[in-house]
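# Structural overview
So the chains spell out like this:
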Amino acid sequence: LTPFSYDLPTLKKNEVRITITHCGICGSDIQAIDNVYSVLTYPFVPGHEVVGHISEVGSEVSQNRIGERVGVGWQARACGNCEWCLKGEVQLCLEVVNNGTWMPYGGFSTSIAVRGDFAYPLPEEMPPEVAAVMMCSGLTVFAALSRNCSSPALKIGIVGIGGLGHLAIQFAKAMGYEVTAISSSPEKRGEAISLGADRFRDSSDWGRLREFINHFDLLYITAHGGIDWDAMQAILKRRGKMVLSGFPQVNLDPTDLVVHELSISGSFVGTPAEMRAMLEFASTHDIQPMIELMPMSQVNQAIDKLRHNKARYRIVLVNDIA
């Protein structure tokens, strides 16, 4: 990334301008920088885990919001007219490509303009770097678990202990579930247990993993690759679920899927109601992401760490470029 100057976007009536103090780096920022899905144009300013203060409001937004500390996640707007918006499930808006916080310019900057109802007030006691991580990763994990789990007696496996997985362990444990961390990195065992996992299993050690055949109600897949899908199906109970928030290549034998009536689904960020519930839950249960702070001016070094899987587990940029 290189420095880029632009005129501030004119606020629409329902928008607010936020002076940015912190912005997290997410794996999807890297995908966007590389234009993996061929939906972006350049110049492009990434960043969608934003924390700051409202400095300007549109004519339809209350002046009382000026100075309010807020967070913004992946989604900064929605069309408001499609069937999903009308149901309140705005994360599935048919205008999804235009909804990202980086449209027109994202959070690796001094300010950002978003629709007012996508700028969320933050718990007073929540540090800004924690709030930044919660705006995307926290919401993604909380929504996936709360939508797919209905009983505190459930047995859950968290597959992949990284930016999402280390938060998923904490959320799932605080929700009252039996939590098993599953990772191809055995050196993460101690961290997984300290985060609240009841046990850890090396996903490459089938001898130990097979102890859990027909065990899990839910496997939450946060990893982006290296998954043994046949093993994952084997350790699920009949009618068990696999829920994906990562973007791994899926290649599985459908036999168990059919015979055991398993299901596999995706979960994408969350609704505004889920965002508000997540912030309250995270504050109440003291969910603590593992964070490395870096100045915004070192964004390229931060991106390099993330690309080489050296982030443990989230990097948050502190704005020093104003």
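Above this text sits the structure in question.
Just so we're clear, the structure is a prediction, and the values are computed from it rather than from any experiment.

Right, let's get into a nonpolar patch on the surface. On the surface, Val36, Tyr37, Val39, Val96, Val97, Phe247 and Phe268 cluster together to form a nonpolar patch covering roughly 590 Å² of accessible area. Mapping Phe247 onto the fold places it in the loop between β10 (236-244) and α8 (254-259). Using a relative accessible area of 48% as the deciding quantity, one classes Phe247 as partly exposed.

The next point concerns the packing of aromatic side chains. All chains considered together, the criterion is met by 11 aromatic pairs. Seen from their ring centres, Trp74 and Trp102 are 6.0 Å apart, and the 85° between their planes marks the pair as edge-to-face. A residue pair is termed long-range when its members are at least 10 positions apart, and Trp74 in the loop between β3 (69-72) and α2 (83-86) and Trp102 in the loop between α2 and β4 (111-115) qualify at 28 residues. As far as the burial class goes, Trp74 and Trp102 line up, both buried. Here a set of aromatic residues connected by ring pairs shows up, and it is made of Phe44, Trp74, Trp102 and Phe268. Here the guanidinium or amino end of Lys87 rests over the ring plane of Trp84, the centre of that ring lying 4.2 Å away.

Cis rather than trans, the peptide bond between Tyr42 and Pro43 has omega equal to 5°. In this chain, Arg312 is followed by Tyr313 through a cis amide linkage whose omega measures -5°. Turning to its location among the elements, Tyr313 is positioned in the loop between α10 (299-307) and β13 (314-318). In the Ramachandran plot, Asn214 falls in the positive-phi region, its phi being about 60° despite a non-glycine side chain. Turning to its location among the elements, Asn214 is positioned in the loop between α6 (206-209) and β9 (216-221).

What counts as what
Residues numbered from 1 in each chain as written. Predicted model: local features only at pLDDT ≥ 70, side-chain atom pairs only at ≥ 80, totals over all residues. Heavy atoms only, no water. Patch = residues over 30% accessible without salt bridge, like charges linked within 9 Å, V, L, I, M, F, W, Y side chains within 5 Å. Areas by Shrake-Rupley, 256 points an atom, 1.4 Å probe, with all protein chains shown as cover. Salt bridge = Lys/Arg side-chain N within 4 Å of Asp/Glu carboxyl O. Helix = DSSP H or I, 4+ residues; strand = E, 2+ residues; numbered from the N terminus. Buried < 20%, exposed > 50% of the residue type's maximum accessible area, 1.4 Å probe, protein only. Phe/Tyr/Trp six-rings, centres within 6.5 Å; stacked < 30°, edge-to-face > 60°. Lys NZ or Arg CZ within 6 Å of the ring centre and 35° of its normal.

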